[in-house]
Every structure is written in structure tokens, then in C-alpha cells.
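# A closer look at the structure
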2 protein chains.
Amino acid sequence: MSTEMTTLPRGASGSFVHPATRDLLERVERRLRSFLKAERDSWAHVDGRAVVPIDALSDMVESGGKRIRPMLCLTGHLAAGGDPEAPGVVEAAAALEMLHVCALIHDDVMDASPQRRGIPTVHEKHSIHHRSRAWQGESRRFGESVAILAGDLALVYSEQLMAAAPPAVIGVWNTLRSELIVGQYMDVAAAAEFSVNPQLSRWIALAKSGHYTIYRPLLLGASLAGRNDLAPAFQEYGETIGEAFQLRDDLLDAFGKSADTGKPTGLDFTQHKMTLLLGWAMQRDDRIRGLITEPGHTTDEVRRHLLDTGVPGDVEQHIADLVERGCKAISEAPIDAVWRDELTAMAKYVAYRNT
Amino acid sequence: MSTEMTTLPRGASGSFVHPATRDLLERVERRLRSFLKAERDSWAHVDGRAVVPIDALSDMVESGGKRIRPMLCLTGHLAAGGDPEAPGVVEAAAALEMLHVCALIHDDVMDASPQRRGIPTVHEKHSIHHRSRAWQGESRRFGESVAILAGDLALVYSEQLMAAAPPAVIGVWNTLRSELIVGQYMDVAAAAEFSVNPQLSRWIALAKSGHYTIYRPLLLGASLAGRNDLAPAFQEYGETIGEAFQLRDDLLDAFGKSADTGKPTGLDFTQHKMTLLLGWAMQRDDRIRGLITEPGHTTDEVRRHLLDTGVPGDVEQHIADLVERGCKAISEAPIDAVWRDELTAMAKYVAYRNT
């Protein structure tokens, strides 16, 4: 068991994780690996090439990640009084992570990100491979094609894993996936238009973080235990802590260190992401827009001007308010005190993480 | 009913389609449209932007297509003696078409195809839109991002539709999807490497056409009727007719008219697709390879040299042999004579179509 523990990613092994959740998370890790190994074995005989998209998913799973969505799904299930041995619980949590692998791989293509979790992204790795072999066609197109297909495969695999869960969860699962994709599209569109639209920026944060990352995984876990009555409390918790999560993400991208986050910082600026942070700052100081859209300005210049607006300090205060509201919703939810403490600790971890 | 009939795409309304299949195909069309309309309605209130990925799917569905996979699924079901009113039959056929919409949208990105079914592809349409609005970032990247997300949404929607089918079909459905994606990857890899490897080219044709387009849709339909015993006959039929389908595709791309096919011809040459046709031709005449990989040669030059090799005539003969083998397998299958005739007529349509 001790060697298995080392497979748990750092973020998920924080001291606040309840032993019951931790045990299930270990089983989720093993399920992800056994699933991918079985798929790999079933394709390896066809041709050496056939396993390339599967290996791309394994690389992603092995490279770490915080496993926030599986953790919240399992926590939602246990907090709702669910049986840890109920069929499909481990698979549902694994399905959430596999779906997230799809989202990350496709996201990295859309953002043209060269790195994720300290290693080259799928499209980058395969573009480099294509170039080094002097293959036919455009290297960028080849790398992106591999990433599109690997992401598609992760999406299909997430369905196969979720099929083990009882039909009662299908409503939550359907909403979760389409909201993720529509939310991603809105994010891409807002970045392209780059107009200051705080309502739109907030909706995107709500969809991508509040709902996709927190509320719906918690509710999926609760619905595995037949406890859809927890939806209102989990929704308030998810929407507040999700916004805090997103604001922390914006701050980490703007002011964090690449060595901590495992990916380049300042990407939101160079890619014109209309983040909550930037939306606020632009409303405060209209020079910010010019610094981002006009060529010739460095990330450091943008950073200095953002600090001058005072917005980062306001954002920290807003994060504190959001954490308070989320924790209040949980403190009043009909769940055992131990799970209230757990969710309170998680809220603080998510809102004050440095990675 | 008469106006509904006009919604059926031309390819699927050929005189060989059995009235029972045709009725079900009409219901599949209506299900696709009602599903997309309900999804659109559920998102329209959020923001005008939110429906963009859904509209991309509707455009694709409305633009036609041969509906070969739904048709074969329904034919497989009816030939197996299945009840046309059995739950999930219409949804399963609709799910196959929705999955195909995902495959086409992502394929068009990977192939950089500007047109499909006579209209701009999803990525092309949105690249043009981005450019015309002078939005932030790269127009190519924006268009491709919309297409990646629209394809992901189609994949999710195909799952939602298939969820209405009985659990007995899940094995066929799982294999169908992962084989499609692995097959696509092998196709992309073979095009990049561009080495003459007839074994690899045949496997790709088997996966993409024989299995994905014919055998597995037929088997999915049969398994909806609990008739997995038809697997061997449907496999032989699918593999032979699928190879004939792919060879016809290669011939249409090489020698067809853009006005018939609704997409530019000669794409396999410019994109270095290692098709069965090219594989055969290169084994016969090694100048062909140079004509394709070295710059400065026109599609017409490649065409002339292909004709000189005599390969197109051999391919026509091979198609005839394949059709004969496929029809023999069906003539011996334990199904009613009316469905043997139907599948024989379909084989000829698929192998000798001009679009």
C-alpha cells in the first residue's frame, strides 16, 4: 500500500483529505491506470502506432494534477452518507478525471500552450516528433491532430468509465459535460472579442470553475448516494468557492512563479483571456487594455500596471468574502460535522493554493 | 408526411431503401433535429454566443450527408427481425450520425479542408468570421478552436442519444468509437510517414470503412434485436463492402468531379494520404511518390500518371470482386430474403456511387 500512496498527486494528498476519501482516491488512481493498460493491451497487437493516443493519456495521468474533481465527487458521496463500496463510485470519479484529461489536451491546443505540469503538452510533443523525423506535412498540424484525437479518446473513455455508475447520475453527468464545452467556447469567444463584459466573465467563471470543477462533481457524488436534496447547499458552495478558485488562478497566472505552477505564467495576457482579474482592472484603468492588445509590452509591464490599479488587493479581499459565504452554506447543510470540516478545509486549500 | 420526406438526404432516399427503413430514417432525422433544438433552447437564454457550437452541429445535419451509418444500423435491426418500435432504436441510429458529425468536424480540421457538402467547414467558417471582425489572436486558431469544441459537443450528444438504447449494445458501441479514433490516428500517422505499407493501408481502410461505416452499425442494429449471431456474416459483408467503399472514395477523390462530391478533389494527393489506390500505384511505379512529395506537380499530372500505371482499372476489378464476396456472405446469412436483397442493393450503391 505504501508504494501505491506515492501514486497520489501532491495536491490531493494534503493533510485535510479524510482517510475514507483518500482510500477511494487511491482506488481511482488504480482504476485509471488499469483501464488505460487494458485498452493499451487490446490495441498493441494491431501495430506499434495504435497505442500512441492511449499513451498520450497515460502520460497525462502520470504527470500528476490535483485530482480536485474526483476528490470532490468522492467527498460529495461520502458527505451524503453514501456507501464507499457502492457500485460505480470509483468509476464515476475516474470518469471525471478522464473527462478532464480531454478538456486539458484540447485546451492546450486552443491556447497553443507548450507545457503542462512541467512536461510538453500532447500537441507540442508530437509536433516536435514530426519535425525531428522530417515527416510529410506541417508539424503544427500533425501535433494538433494527435492532440485532437487523444482528447476525443479520453472523452470516449470517460463515458465507458461512467457507464458503470447507476442511471440516476446521468442528468448531472449530461449537464456537466455540455456546460463544460459551452463554457470553453464562451471563454474562447470572449478572448477573441476582448470586450470588457463583467457579466460574461462571471458566467464563464461560474460555468468552468463553480459548476464544472466543484458543484457538479459534488452533486454527482451525492446523487450516487441518492441525495439530490444537497443540491442547493453544494451549489452555493460550488459557485462561491469556484469563483475564488478562478480568481486564484488569475492571480497565479499573473503573479505566480512558473516553477510552482508547472506551466508558463502570463499566458492569460498573451492570449488575451478576459479573466475576472483583467475585467476588473480594465474597468478601473483603461490603459490596461492597450498594454495587452498593443504589441511591444512585456508581461512585467502589465504586472506593474495591474499592481498600480490596486485590483490584486481587492481580489484578495473578494476571495476571502467568497470563502466565508461558501463555508456558511456548508455549515448549514444536512451532513455530518466531519464532512463540514472537510469541505471547509478544501475551500481554503482551493482559494489559497500556490500551484 | 410528404414535407418530412424532403428532409431525407438524397443519398439515403435511393429507391433500394426498404419502406420500413425509410420510415425509421425519417424518425432519426426528426430526432436529430428535436434533440438539437431542445439543447439550443436550453442554452439560448444564457447568452447569444452559447448556441454557436450547437448551431454548428445543426448546420452540419441540415447540409445533407448520406446517412449510411444510421441506415445500416436500422437495416441490421430490421434484418435481424427486430421490432421497429423497440426502445432506443431511433436514438441509436441518431447517435451514430451525431458521432459521425464529430468525426467529420474534427477530420476537417486535421485535413485543413475548406469545404464539406458544398458549404464551408466549421473551422473555415469561424476563421473567416474572426478575420472579418478583426478579433484578437490568430484567425486559424480561433476557427479550429470552435471546430474542436463543436466536435466535442457532438461526441457528448451522441452519448446522450445512445443512452436510450439497451445496455446490450454497449460493447459494440465502445469498440466502434475507440476503433474510429485509433483508425483516424493511424491514418494521420501513415500520411505523415508516407511510406508504402500496404498492410497498414488495408488495416486503416478496414477500421475506418469496413468496421466503422458498415460492420459495426449493422451489428449494433442486430444487437438491439438480440441477434449477435449475425456478427460473422455482417463482418464479412462489412469488411468487403467497406474496402470497396474506400476504394471508390479514393477513385472519386482522384478522378471525381468536385460538383458531384461537394468537396474539392485531389485532396488525398495534396495531403499525402496513403490511400489504397496510391499504395497500389506506388508499388507499380515509383515515380508516383516523387510526383506527390516533390513540389511543383499539379493534380492533373498525378492523375495522368496514375492512369498510365493501369491501377484504376485494376481497382475497378477488385471492387467488383469485393462486392461479389460481400453479397455471397449475405446470401447465406440467416435473415429474410427481402433483407438479403436490400443489403445486396446497398452494397452496389456504396461501391458504385458517384458522390
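Residues numbered from 1 in each chain as written. Chains lettered and ligands numbered in written order. Predicted model: local features only at pLDDT ≥ 70, side-chain atom pairs only at ≥ 80, totals over all residues. Heavy atoms only, no water.

Here the focus is unusual backbone geometry. The phi torsion at Ala134(A) lies on the positive side, around 55°, for a residue other than glycine. Position of Ala134(A) among the secondary structure elements: in the loop between α6 (122–133) and α7 (139–162). Residue classification places Ala134(A) among the exposed residues on the basis of a relative accessible area of 64%. Unusually for a residue other than glycine, Arg117(B) sits at a positive phi of about 55°. Structurally, Arg117(B) can be placed in the loop between β1 (115–116) and β2 (119–120). Arg117(B) gets classed as partly exposed once you look at its relative accessible area, which sits at 22%. (Helix = DSSP H or I, 4+ residues; strand = E, 2+ residues; numbered from the N terminus. Buried < 20%, exposed > 50% of the residue type's maximum accessible area, 1.4 Å probe, protein only.)

Note on the identical chains: chain A maps onto chain B by a rotation of 180° and an axial translation of 0.0 Å, with an RMSD of 0.0 Å. Taken together, the rotation and translation relating the two chain copies correspond to the operation of a two-fold axis. Comparing interface residues between copies, 100% of those in chain A also sit at the interface in chain B, which points to an isologous, same-surface contact. (Least-squares fit on C-alpha atoms with pLDDT ≥ 70 in both. Contact = heavy atoms within 4.5 Å.)

Bringing the interface of chain A and chain B into the picture now. With 54 residues of chain A at the contact, the number on the chain B side is 54 residues. With both chains or domains summed, chain A and chain B bury close to 5200 Å², and 69% of this area falls on carbon and sulfur atoms. Linking chain A with chain B are 6 salt bridges, by the criterion used here. Here Glu193(B) makes a salt bridge to Arg49(A), at a shortest N to O gap of 2.8 Å. Counting the contacts that link chain A with chain B gives 12 residue pairs in polar contact (both at pLDDT 80 or more). Put simply, the parts of the chain that give the side of chain A that touches chain B at least two residues each are α2 (19–44), α3 (52–62), α5 (89–111), α7, α8 (170–193) and α9 (198–224) of chain A. Broken down by class, the residue content of the side of chain A that touches chain B amounts to 30 nonpolar, 12 polar and 12 charged. (Buried area = accessible area lost by both parts, 1.4 Å probe. Salt bridge = Lys/Arg side-chain N within 4 Å of Asp/Glu carboxyl O. Polar contact = N/O pair within 3.5 Å; in protein donor to acceptor, adjacent residues only side chain to side chain. Nonpolar A, V, L, I, M, F, W, Y, C, P; charged D, E, K, R; others polar.)

If you trace the backbone, Asp268(B) turns up in helix α12 (residues 267–270). Asp268(B) has contacts with Asp250(B), Asp253(B), Lys273(B) and Thr275(B), leaving out every residue within four places of it along the chain.

Residues and elements named next belong to chain A. By secondary structure assignment, the location of Ala281 is in helix α13 (residues 276–284). Exposure remark for Ala281: the relative accessible area of 0% places this residue in the buried category. Between the C-alpha atoms of Ala281 and Asp308, which are 27 residues apart in sequence, the distance is 9.7 Å. Setting aside residues no more than four positions away along its own chain, Ala281 makes contact with Ile288, Leu306, Thr309 and Val311.

In total, this model carries 56 salt bridges over all chains according to the counting rule given. A salt bridge links Asp41(B) to Lys37(B); the shortest N-O distance between them is 2.8 Å. Of this pair, Asp41(B) and Lys37(B) both sit in helix α2 (residues 19–44), 4 residues apart, which is roughly one turn of that helix. Taking the shortest distance from any N to any O, the salt bridge between Arg287(B) and Asp285(B) comes out at 2.8 Å. Via salt bridges that share partners, Glu29(A), Arg33(A), Glu62(A), Arg67(A) and Glu97(A) belong to a single interconnected network.

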